[in-house]
Each structure stands twice: as structure tokens, then as C-alpha cells.
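Structure assessment
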Amino acid sequence: MSRILIMSDIHGNLSALNKIWKTEKIEEFEGIVLLGDLIDYGPHSNEVVEKLKNLPKHKILVNIWGNHEKAVVDGDDSRFSSERGKKCAAHTRKMLTTQTMQYLENEMDKSGHMEFELAGKKCLAVHGSAVDFFWKSISHGEDQETYKKYDYVFSGHSHIPHYFEHFYPAECKEYRNRKKTVFLNPGSVGQPRNHNANAQYAILEPETMSVQMKAVSYDIEHEIAAFSDEVDSFYKERLRIGV
């Protein structure tokens, strides 16, 4: 049975990513969906990218920019909500190697969104939302009409995992005039904000439509010790409690 690994918002946290690699048999996944923000905040942006570069290209179904790739590569920090965020992005930009920059610019989709098909299902992957591909999250309860044509909508950005199913009115007697769209945010690998400090991700089995929302513990103190003093301590301290 095919399995798809879905990850978002790694944010330069190599310890968290390594623990997922050790927990899951990466070679057994049929595909991998990367929803952006591989870099920034954390101390290991280059190392995270280097690890992902070694994945077989045919397994990468989606690899889109998040708002941090966009801000760091474009050099535009105007939409960050805090000065510490702007300073952190500037530090990350300074630390990125030529090889990492080439990966961000040439191996990732800069649009922040991508339509694709999975097991006959129409899918949308977006870092943020259809309203704003980079800076606005999808949330349960808001107007979902934009997404009616998709069977799956994968998103990140909020750092808070969600799974919900929305049923739209449709002319389809077989399905009692309803059409279903599944919304899935795997949460953040490297900077969770749902009061769960563990590395979070999701696994999808398209044939059965089953989803596992997963979290694994990792050596947070080891990752914290690698942070530069040039980065506001807020970004390392929040790792301990997942805020």
C-alpha cells in the first residue's frame, strides 16, 4: 500500500528532521510532500536542505516555497510582524551557502502552491492558503468555497496541525448530492505552536484515505545549543513547550 509523507515548516531544525528519518523508513514512502519553510529560525538551514537534496527526485511530489524562502531569497522582510523576525531572516540569509541558495531557487516551486494528482484525486498543496499563498493560513470554519474542486488540500504556515472534511453541495445522487474535500495541515516539524514540543508530520495512505497525524520526540536541548547569539533567544526557548 502506498504511503505519502507530508511535512511542513522544518525551519532549520535538523534534530527534529533527523528523528523523523530514524522513526520512519523514508525509502518505503511512495512520495513526499514538502509544504515550505525548510529554512530560517533554526540553526541548521543548510544541513536541512542538504539532507533533503539527497532524497530521490522521483519521490518528491511537492516542494514549494514558504513565506520564509520567499522573504530570505527575495530579500524582502516587509511582511514580518516583528523586528526579531526580520533580524533572524537577515542572519539566515547571511549564513546560507551557495549550494543552499541554488536549491531554494532551482529545486523548489517559487509560487508557494501547486496542483497535482494523487491516486486519481485532485490535490492542492499550498504553504498558506488560496487567499494568500505565503502569509495567510487555512482555518476550520472559514469560507472554504474556493477549494471545492479539490479532493485534498494540503497546507502549512500556521504551525498548528489540522484535519477536517468539508462537504459541498453538488449534483451527484450517488454521493447524496455532496462532494467531499479533505483539509490537512501536518503541523510543524521544527517550530510547533500547538503546545506540543514534538516534531510533527502526517502520513497519508491514498487507497484507504487514512491519515496519521504523528509527533515524535527529539533532542530539543541539542538543537537549542546550536543557535547563534545573533538570533533572538525567543526562537530557541519556544521549542521547549511548542508555542
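Right, let's walk through the structure included here.

Conventions adopted
- Residues numbered from 1 in each chain as written.
- Predicted model: local features only at pLDDT ≥ 70, side-chain atom pairs only at ≥ 80, totals over all residues.
- Heavy atoms only, no water.
- Helix = DSSP H or I, 4+ residues; strand = E, 2+ residues; numbered from the N terminus.
- Rg over C-alpha atoms; globule rule 2.2 N^0.38 Å.
- Buried < 20%, exposed > 50% of the residue type's maximum accessible area, 1.4 Å probe, protein only.
- Contact = heavy atoms within 4.5 Å.
- Pairing = 2+ DSSP bridges.
- Axes fitted to C-alpha atoms, helices over the stretch in contact; angles between N-to-C directions.
- Phe/Tyr/Trp six-rings, centres within 6.5 Å; stacked < 30°, edge-to-face > 60°.
- Parallel < 35°, antiparallel > 145°, perpendicular 65-115°, else oblique.
- Left-handed = near helix turned anticlockwise from the far one by under 90°.
- Nonpolar A, V, L, I, M, F, W, Y, C, P; charged D, E, K, R; others polar.
- Polar contact = N/O pair within 3.5 Å; in protein donor to acceptor, adjacent residues only side chain to side chain.

**Focus on the overall build of the chain**
- Broken down by element type, the chain carries seven helices and 10 strands.
- Relative to the compact-globule value of 18 Å for 243 residues, the chain shows a C-alpha radius of gyration of 18 Å, a close match.
- On the principal axes, the C-alpha backbone points of the chain span a range of 60 × 40 × 35 Å.
- With 243 residues in all, the chain has 51% of them scored as buried.
- Across the chain, contacts joining residues at least 24 apart in sequence account for 69% of those joining residues at least 6 apart.

**Looking at the sheet that holds strand 1 (residues 4–7)**
- Pairing is mixed in the open sheet, where five strands are placed in the order 3-2-1-9-10. Both edges of this open sheet fall to strand 3 (60–63) and strand 10 (210–216), since each of them pairs with a single strand only. Between one strand axis and the next, the sheet turns by 15 degrees as a mean value, whatever way the strands run.
- Here helix 1 (residues 14–23) sits on the sheet in contact with strand 1, strand 9 (199–205) and strand 10, set at roughly 40 degrees to strand 9.

**Describing the packing of aromatic side chains**
- A full pass over the atoms with the stated rule returns seven aromatic pairs.
- Considering the side-chain rings of Phe116 and Phe154, the 6.1 Å spacing of their centres and the 25 degrees angle between planes classify their relative orientation as stacked. Separated by 38 residues along the polypeptide, Phe116 in strand 4 (residues 113–118) and Phe154 in strand 6 (residues 152–155) bring together distant segments of the chain.
- The exposure class assigned to Phe116 is buried, which follows from its relative accessible area of 11%.

**Re the packing of helix 2 (residues 45–53) against helix 5 (residues 98–106)**
- With their axes 10 Å apart at the nearest point, helix 2 and helix 5 run at an angle of 60 degrees to one another. Classified by the angle between their axes, helix 2 and helix 5 sit oblique to one another. Crossing geometry of helix 2 relative to helix 5 is assigned as left-handed. Residues Asn46, Val49, Leu52 and Lys53 of helix 2 lie in contact with helix 5, whose contacting residues are Gln99, Thr100, Tyr103 and Leu104.
- Looking at the contact of helix 2 with helix 5, its residues break down into four nonpolar, three polar and one charged.

**Quick notes on helix 1**
- Those residues of helix 1 lying buried are Leu14, Ser15, Ala16, Leu17, Ile20 and Trp21.
- In this structure, the buried side of helix 1 is in contact with strand 1, helix 2, strand 9, strand 10 and helix 6 (220–225).
- The backbone nitrogen of Ser15 has a side-chain oxygen 3.4 Å away, supplied by the residue at the start of helix 1, namely Asn13.

**Structural notes on the sheet that holds strand 6**
- The strand order across the open sheet built from five strands is 4-5-6-8-7, with neighbouring strands paired in mixed fashion. Across the chains shown, the open sheet's two edge strands, defined by having one partner strand only, are strand 4 and strand 7 (162–169). Each adjacent strand pair in this sheet contributes to an overall mean axis angle of 20 degrees, direction not counted.
- Relative to strand 8 (residues 178–185), strand 7 runs antiparallel, the two being bridged by eight bridges. Within strand 8, the position partnered with Phe164 by the bridge is Phe183.

**Notes on the pairing of strand 10**
- Taken together, the seven bridges between strand 9 and strand 10 define a ladder with antiparallel strand orientation. Following the sheet pairing, Tyr201 is matched in strand 10 by Lys214.
- The hairpin formed by strand 9 and strand 10 contains four residues between the paired strands, and Met209 there has a positive phi angle of roughly 60 degrees.

**Some points on unusual backbone geometry**
- The backbone phi angle of Asp9 is positive, close to 50 degrees, even though this residue is not glycine.
- On the accessibility criterion, Asp9 (1% relative accessible area) is buried.

Everything listed here is a matter of coordinates, which is why it stays silent on function.
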